[in-house]
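Examination of the molecular architecture
The primary structure of each chain is shown beneath.
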Amino acid sequence: MALIETVGLKKIYNLGGSVIAALDGITTNIEKGEFVAIMGPSGSGKSTFMNLIGCLDKPTAGRCFLEGMDIGCLNRDELAVIRNKKIGFVFQSFNLLPRTSAIENVELPMLYSGLSPLDRKLRARKALKMMGLEGREEHLPNQLSGGQQQRVAIARALVNDAPLIMADEPTGNLDTKASEEIMELFVKLNEESHITVILVTHEHDIAAFSKRIIRFLDGKIVSDEKRSRP
Ligand SMILES: Nc1ncnc2c1ncn2[C@@H]1O[C@H](COP(=O)(O)OP(=O)(O)OP(=O)(O)O)[C@@H](O)[C@H]1O
Ligand SMILES: [Mg+2]
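Computed from a predicted structure; not experimentally measured. (Residues numbered from 1 in each chain as written. Chains lettered and ligands numbered in written order. Predicted model: local features only at pLDDT ≥ 70, side-chain atom pairs only at ≥ 80, totals over all residues. Heavy atoms only, no water.)

1. Topic: the site of ligand 1
Surveying the vicinity of ligand 1 reveals the residues Tyr13, Leu15, Ala22, Pro41, Ser42, Gly43, Ser44, Gly45, Lys46, Ser47, Thr48 and His202. Contact between ligand 1 and glycine 43: an oxygen atom at 2.8 Å from a main-chain N or O atom of the residue. At the level of secondary structure, the elements contributing two or more residues to the shell around ligand 1 comprise strand S1 (4–15) and helix H1 (46–53). For the shell around ligand 1, the element with the most residues is H1, which contributes 3 residues. Tallied by class, the residues present in the shell around ligand 1 amount to 4 nonpolar, 7 polar and 1 charged. (Near = heavy atom within 4 Å. Polar contact = N/O pair within 3.5 Å; in protein donor to acceptor, adjacent residues only side chain to side chain. Helix = DSSP H or I, 4+ residues; strand = E, 2+ residues; numbered from the N terminus. Nonpolar A, V, L, I, M, F, W, Y, C, P; charged D, E, K, R; others polar.)

Here's what the structure looks like:
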């Protein structure tokens, strides 16, 4: 069974009489353990696609399955539960809570997990350590570099043992060196922990870390190529 399967997925926006097909019939499969880069020009539907398969938004038409479950017919609360269990999100702008320490940011997704406060702390500490952030637990986001903030965000994405990480331009706000470090972490998570990674990027150097590149144009897939990582 595919981790993600979409069939004729569409998202149509109707704005003051003009109709925009942000996604215009996407049929594709993503298997467990893949590392996929989504590319394509601005406005081609990449974020819309990520939002639909990430249970953040609902399609206008077509179907989307996550581990065989049709997520199109779930209500908002049900989608939130699936998201929390199955998907770790990483964003271009890190999306950490300000005035909240690194470790508390990582603990957030576990608040409703039933774990004790001590277990939450231990797990968060372990996730930060995996990201090379030992000793930075009590730092506030503005006391960390961009690359370090993004590593806190990845620790937060991982801490519930989500099998899938989705990242929309995760290196968009980072310099080349920090970008490479972040990509190497994604590769490690993919190879060693078998976490499926789906990321959006504009940069070929970043897509080069992936094993499959799907290109979007005008809401459609125009190419889909598997490749070996150099
Ligand atoms: N809420 C909305 N209402 C109306 N139109 C929207 C909405 N969200 C997206 N669109 C339109 O849908 C199309 C696809 O947008 P989307 O954000 O998916 O593009 P993208 O490929 O992620 O672009 P970028 O690389 O700039 O992030 C665009 O034409 C956009 O204007
Ligand atoms: Mg986008």
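2. Structural notes on the nonpolar core
In this structure, Phe186 and Leu199 are the most contacted members of the largest nonpolar core, which totals 40 residues. Among the elements that make up this core, the one with the highest residue count is helix H6 (residues 176–192) (7 residues). Excluding anything up to four places from it in sequence, phenylalanine 186 contacts Phe35, Val90, Ile154, Ile165, Ala167, Pro170, Val197 and Leu199. Formed by 27 residues, the second largest nonpolar core is a distinct cluster that contains Ile38, Met50, Ile71 and Leu74. (Core = buried A, V, L, I, M, F, W, Y, C linked by side-chain atoms within 4.5 Å. Buried < 20%, exposed > 50% of the residue type's maximum accessible area, 1.4 Å probe, protein only. Contact = heavy atoms within 4.5 Å.)

3. Quick look at the sheet that holds S1
Backbone hydrogen bonds are what pair the strands of a sheet, in a parallel or an antiparallel way. Across the sheet, 4 strands lie side by side as S2-S1-S4-S5; this open sheet has antiparallel pairing. Looking at strand neighbours, the two that pair on one side only are strand S2 (18–30) and strand S5 (69–70), the edges of this open sheet. Bridge count between S1 and S2: 10 bridges; the pairing is antiparallel. Note that in S2 the partner of leucine 9 across the bridge is isoleucine 26. (Pairing = 2+ DSSP bridges.)

4. What about the sheet that holds strand S8 (residues 196–200)?
The strand order S6-S7-S8-S3-S9-S10 describes an open sheet built from 6 strands, whose pairing is mixed. The open sheet terminates on both sides in strands that have one partner only, identified here as strand S6 (87–91) and strand S10 (220–226). Across this sheet, the average inter-strand angle for adjacent strands is 15°, counted without regard to direction. Sheet strands touched by helix H5 (residues 146–158): S6 and strand S7 (164–168). Its angle to S6, the strand with the most contacts, is close to 165°. (Axes fitted to C-alpha atoms, helices over the stretch in contact; angles between N-to-C directions.)

5. Quick notes on the layout of surface pockets
One number sums up the size of the largest pocket: a volume of about 290 Å³. Surrounding the largest pocket, Leu56, Ala80, Arg83, Asn84, Ile87, Gly88, Phe89, Phe91, Pro109, Arg156, Ala157 and Asn160 form its lining. No other element matches S6, which puts 4 residues into the lining of the largest pocket. Residue classes in the lining of the largest pocket are distributed as 7 nonpolar, 3 polar and 2 charged. Reported here for the second largest pocket is a volume of approximately 220 Å³. Taken together, Arg123, Lys126, Ala127, Met130, Leu158, Val159, Asp161, Ala162, Leu189, Ser193 and Ile195 form the lining of the second largest pocket. Among the elements that take part in the lining of the second largest pocket, helix H4 (residues 117–130) stands out by supplying 4 residues, more than any other. Here the lining of the second largest pocket is composed, by residue class, of 7 nonpolar, 1 polar and 3 charged. (1 Å grid on protein atoms, 1.4 Å probe; cavity = no way out; pocket = protein on both sides within 12 Å on 5 of 7 lines; lining within 4 Å. Points joined across faces, edges and corners; volume = space filled by probe spheres on them.)

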